[in-house]
Amino acid sequence: MITASPKLVSKIPSGPIESRWTRHKDSLKLVSPTNKRKFTILVVGTGLAGASAAASLAELGYNVKAFCIQDSPRRAHSIAAQGGINAAKNYRNDGDSVWRLFYDTIKGGDFRAREANVYRLAELSVNIIDQCVAQGVPFAREYGGLLDNRSFGGAQVSRTFYARGQTGQQLLLGAYGAMMRQVEEGRVALYPRREMLDLVVINGQARGIICRNLVTGQLEAYAGDAVVLCTGGYGNAYFLATYAKNSNATAIWRCYKRGAFFANPCFTQIHPTCIPVTGDYQSKLTLMSESLRNDGRVWVPKKKGDTRPPNEIPEDERDYFLERRYPSYGNLAPRDIASRAVKAVCDEGRGVGASGRAVYLDFSDTIREKGLDYIKEKYGNLFEMYQHITGEDPYKVPMRIYPAVHYTMGGLWVDYNLMSTIPGLFVLGEANFSDHGANRLGASALMQGLADGYFIIPYTIGDYFASVSLPKVSTDRDEFRDAQASVEAKLKKLLAIQGKKTVLEFHRELGLLLWDYVGMARNAQGLQHAIEKIRALRQEFWQNVQVPGSNDMLNKSLEMAGRVADFLELAELMAIDALHREESCGAHFREEYQTPDGEALRNDEKFAYVAAWEYKGDDQPPELHQEPLIFEFVKPTVRSYK
C-alpha cells in the first residue's frame, strides 16, 4: 500500500477534470492592483518559463527582479528547442482535442504524472498559441495563410506548431520582447551574468537569494517576497548531453539543501535523434529535431557488420526497425521507446559508422516523392547544421543518429500552484517535476514552460501573497549574512584544494558513470556500483580538484567547479531513486522489469506515486516521501505503441 506523506500537500482541486483549473482560479485569493506594487518577486532564470513569468508578473504590477546567467536572456537554452510546440487546436480536423492531448501526455509519461496538472497543461495549450501569434512569433503557415502543423512522437494527430527548426528561439524572442518591454517600463530590473548560489529562508519562507556576479566575482544578496525558480533541468550531470554547457543544477540543488523536496530525480529523458559521439574530447552533443522523423526513415543493415556505404545497401537488406516493431506509430514512436530500440540494434552489432553506435535517418524516399525543395523549406537549417558539424551532406547520404541525454522530467516537487515545500519558493518549467511523468513527449517542454509562466504563476502567486504575512526584510539580516558567508566559504575551499585533476576530468568521469549505469538501461547491481563509485569520486574531487584563478574575477573554472560539486551530489540521489523504483516506466528502464518482448513493465500497485526526497544532511541518507497518483479519469494500461 502506498502511504501518502503528510508533508506533501498537492492542493489538487476536486470535481470534473474539465473545470478544475477554472474553479480553482475562481477560489484563489487576489491582490488588488494598488497592492501588487508592494511586492517584489525574484525570478531566477530568463528562458521561456522565466521570461514569460517576469513579463506577466510585471504586467500585473508586481516589482520583478530577473536574474540571467547569460549575458542576454536571448541566449537561454530554450532557443535549442527546434521541432515545435503542442497545442490542441485541431486545425487539421484530424480528431485532436484537449482530452486527446491530455491522454497522449499521460500515456506518454507512462502514467506517472498527476491527472489534474496534465489536463491543465492541455487546456492551456490553445491559449499559448494565441499569445505567441499576438507577439509576432513567425509560425509556419500553409498556402492559404493558416497556421501549419506537423506530427511528433507519441501522437497520431498533427498538433505541433513550428517555425522551421527554430521554434524555441522564436518563442523565446517573443517572451524576451514582452519582458524587455517591462524592463523599459521600469517594472522589471534585469541582472545579467548572475548565478544563484543559495536560497535565503527566513521564518520558513523563501525571502531572497545569494548570487555571484560572474564578471567581477562579487557575491550579491537580493531580498524579495517570493522566489520564482526557472533554471531548467539537470541533464548536464551526464557531461555529454544536448544541453548548453552553462545549464546546471546548482540553483535547484541549493534549494533542495534548504528544504525543498526533490521529486523523481531518476526520470531523465534520452532523445533518439542526436548526432553521435565522435571523440573523447567532445564537450557536448547536438540534437537533430524529432520533427525530422516525420519525413526521415530510421534503419540499419539487416546483417551484422555491414560496412557498405548506405546508398549501396539494397532496400531488401535494410531493417526499418521502428516501422517493423511499432507499426501504428513507426518512426514517430515516443522518445524513450525509440531510444531503446536504437540501442538494441546497435547492441546486436548492426549499428553504423566508425563506432557502431549510430543508425541511419534517411530522407531519400521523401526527396524522391516530394522533391528537394520540400525538405529544404521544412528542415533546411537543420540540414545545414548537420553538414557543418559532420562534414556530410544529408541531402545525399542519410544522417547518422544515436540517443543522448536531452531533458529531465524530475525536479523540485511542487503543488498544483507550482509552489515547492518551502513556502514562497515557486518552481516553473523543467526545474520542477510536475507535468511529464516518466517520459516527456516531444514538443511539450515549450508548452509547459510557457503555460507555467504566462497562465499559471500570475494567478497562484497572488493567492500566496494574500494568504500569508510577509513583513519587509532587508539583506542586512543574519540569514542573508550567514548564507553569503556559507557560499564564500565553499568558493574559497574549492580554490584552496590545488589538486592535480581538472574540473573537466571529474565531470567527464561522472558523466560516464551515469551514462553506463543510470542511462538508457539500469539494474540493481549497476546502480549499487554507481552509488559507490560516485561517492568515491566525490571524495576525490574535494581532495584533488585543480581550480586556477581567484574568486574576484571572471573565472569559468570556478563556476564549473561549483556546478560539478553539485552534480556529484545530485548524481547519487539519481541513482538512489532509480534503485528504489523497482519497476520500468517511461525513460526509467530497469532490466529486471520488462515484458517478454523487451518493453517496460510497470508496477502500479507499489510504485504509482511521486517519489519526493528530503535532504537530511551531507552524510545522511535522504528521506523518501510518497505522493500517491490517483487516476480518476484515465485507467493506467499497458503502454503500447504497436
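The rules we used
Residues numbered from 1 in each chain as written. Predicted model: local features only at pLDDT ≥ 70, side-chain atom pairs only at ≥ 80, totals over all residues. Heavy atoms only, no water. Salt bridge = Lys/Arg side-chain N within 4 Å of Asp/Glu carboxyl O. Helix = DSSP H or I, 4+ residues; strand = E, 2+ residues; numbered from the N terminus. Buried < 20%, exposed > 50% of the residue type's maximum accessible area, 1.4 Å probe, protein only. Expected span 1.5 Å × (residues − 1). Pairing = 2+ DSSP bridges. Contact = heavy atoms within 4.5 Å. Axes fitted to C-alpha atoms, helices over the stretch in contact; angles between N-to-C directions. Phe/Tyr/Trp six-rings, centres within 6.5 Å; stacked < 30°, edge-to-face > 60°. Lys NZ or Arg CZ within 6 Å of the ring centre and 35° of its normal. Parallel < 35°, antiparallel > 145°, perpendicular 65-115°, else oblique. Left-handed = near helix turned anticlockwise from the far one by under 90°. Nonpolar A, V, L, I, M, F, W, Y, C, P; charged D, E, K, R; others polar. Domains from an automatic or database assignment. Buried area = accessible area lost by both parts, 1.4 Å probe. 1 Å grid on protein atoms, 1.4 Å probe; cavity = no way out; pocket = protein on both sides within 12 Å on 5 of 7 lines; lining within 4 Å. Points joined across faces, edges and corners; volume = space filled by probe spheres on them. Core = buried A, V, L, I, M, F, W, Y, C linked by side-chain atoms within 4.5 Å. Polar contact = N/O pair within 3.5 Å; in protein donor to acceptor, adjacent residues only side chain to side chain.

Let's talk about the pattern of salt bridges
- In total, this model carries 59 salt bridges according to the counting rule given.
- The partner of Asp-347 in a salt bridge is Lys-343, and the shortest N-O contact between them spans 2.8 Å. Of this pair, Asp-347 and Lys-343 both sit in helix α9 (residues 335-347), 4 residues apart, which is roughly one turn of the helix.
- Look at Lys-343 and you get partly exposed, because its relative accessible area is 23%.
- Among the salt bridges present, the one from Arg-602 reaches Asp-604, with a minimum N-O distance of 2.9 Å.

As for helix α6 (residues 167-185)
- Its 19 residues give α6 an end-to-end C-alpha distance of 28 Å, which sits within 8% of 27 Å, the value for a rise of 1.5 Å per residue.
- Listed as buried for α6 are Thr-167, Gly-168, Gln-170, Leu-171, Leu-172, Gly-174, Ala-175, Tyr-176, Met-179 and Gln-182.
- Gly-186 lies just past α6 and shows a positive phi near 85 degrees.

Comments concerning the sheet that holds strand β11 (residues 268-274)
- Strand order in the open sheet formed by 5 strands is β11-β15-β14-β12-β13, and the pairing between neighbours is antiparallel. The sheet terminates laterally at β11 and β13 (318-319), the two strands that pair on one side only.
- Examined bridge by bridge, β11 and strand β15 (residues 399-408) share 5 bridges and lie antiparallel to one another. In the strand pairing of β15, Ile-270 is matched with Val-405.
- Packed on one face of the sheet, α9 meets β11, β12 (297-301), β14 (359-362) and β15 and runs near 65 degrees to β11.

Notes on unusual backbone geometry
- Its identity is not glycine, yet Asn-90 carries a phi of approximately 55 degrees, on the positive side.
- By secondary structure assignment, the location of Asn-90 is in the loop between β3 (85-86) and α4 (98-108).
- Positive phi outside glycine occurs at Leu-418, with the angle close to 70 degrees.
- Mapped onto the elements of the fold, Leu-418 is located in the loop between β16 (411-412) and β17 (425-427).
- Given the relative accessible area of 0%, Leu-418 is considered buried.

Considering the packing of aromatic side chains
- Enumeration over the complete set of coordinates arrives at 30 aromatic pairs.
- With centroids separated by 6.5 Å and ring planes inclined at 55 degrees, the aromatic side chains of Trp-99 and Tyr-119 adopt a geometry described as tilted. Residue Trp-99 is found in helix α4, and its partner Tyr-119 is found in helix α5 (residues 115-134); the two are separated by 20 residues along the sequence.
- Relative accessible area serves as the criterion here: at 8%, Tyr-119 is assigned to the buried category.
- When the ring of Phe-102 is compared with that of Tyr-119, the centres are 5.3 Å apart and the planes differ by 65 degrees; the resulting orientation is edge-to-face. Taken together, the residues Phe-102 in helix α4 and Tyr-119 in helix α5 connect sequence positions 17 residues apart. Pair check on accessibility: Phe-102 and Tyr-119 agree, each one buried.
- Joined through ring pairs, the aromatic side chains of Phe-39, Tyr-62, Phe-426, Tyr-464 and Phe-465 make up one cluster.
- Across the ring face of Trp-21, the terminal group of Arg-120 is positioned such that the distance to the ring centre comes to 4.8 Å.

Describing the packing of α4 against α5
- Interaxial distance between α4 and α5 falls to 8 Å at its minimum, and their mutual angle equals 135 degrees. As the angle between them shows, α4 and α5 are arranged oblique. Crossing geometry of α4 relative to α5 is assigned as right-handed. Listed contacts from α5 to Val-98, Trp-99, Leu-101, Phe-102, Thr-105 and Ile-106 of α4 are Glu-115, Val-118, Tyr-119, Ala-122, Glu-123 and Ser-125.
- The class makeup of the residues in the contact of α4 with α5 is 8 nonpolar, 2 polar and 2 charged.

Let's talk about the domain arrangement of the protein
- Along its sequence, the protein is carved into domain 1 (271-405) and domain 2 (478-617).
- A straight line from the C-alpha centre of domain 1 to that of domain 2 covers 31 Å.
- Facing 13 residues of domain 1, the contacting portion of domain 2 comprises 9 residues.
- Contact between domain 1 and domain 2 buries roughly 830 Å² in total, counting both sides, with carbon and sulfur atoms accounting for 57%.
- Contact with domain 2 buries surface across domain 1, with Asp-336, Arg-340 and Lys-343 losing the most and accounting together for 49% of the total.
- On inspection of domain 1 and its partner domain 2, the count reaches 1 salt bridge.

Thoughts on empty space enclosed by the protein
- Inspection of every chain in the model, using the stated rule, returns 4 cavities of 30 Å³ or more.
- By volume, the largest cavity amounts to about 100 Å³.
- Among the secondary structure elements, those contributing two or more residues to the lining of the largest cavity are β6 (194-202), α7 (250-256), α13 (478-497) and α16 (556-580).
- With 4 residues, α16 is the single largest residue contributor to the lining of the largest cavity.
- The residue makeup of the lining of the largest cavity, split by class, is 5 nonpolar, 2 polar and 6 charged.
- Estimated volume of the second largest cavity: approximately 40 Å³.
- Ile-270, Asp-336, Ser-339, Arg-340, Met-520 and Ala-587 together form the lining of the second largest cavity.

Here we look at the nonpolar core
- Counting residues in hydrophobic clusters, the biggest one holds 195 residues, and the most contacted among them are Ile-85, Ile-209, Leu-229, Leu-425, Ile-461 and Phe-465.
- If one sorts the elements of this core by residue count, α16 sits on top with 15 residues.
- Residue-level mapping places this core at the junction of two domains, with at least three residues from each of domain 1 (271-405) and domain 2 (478-617).
- Here Ile-209 is in contact with Leu-42, Val-44, Phe-67, Met-196, Asp-198, Leu-199, Val-200, Glu-220, Ala-221, Tyr-222, Val-227 and Phe-480, once residues within four sequence places are set aside.

Quick notes on the side chain of His-580
- Positionally, His-580 belongs in helix α16.
- A distance of 2.8 Å separates polar atoms of two side chains, one belonging to His-580 and the other to Tyr-609.
- Not counting residues within four places of it along the chain, the set of residues in contact with His-580 comprises Phe-607, Tyr-609, Ala-611, Trp-613 and Leu-624.

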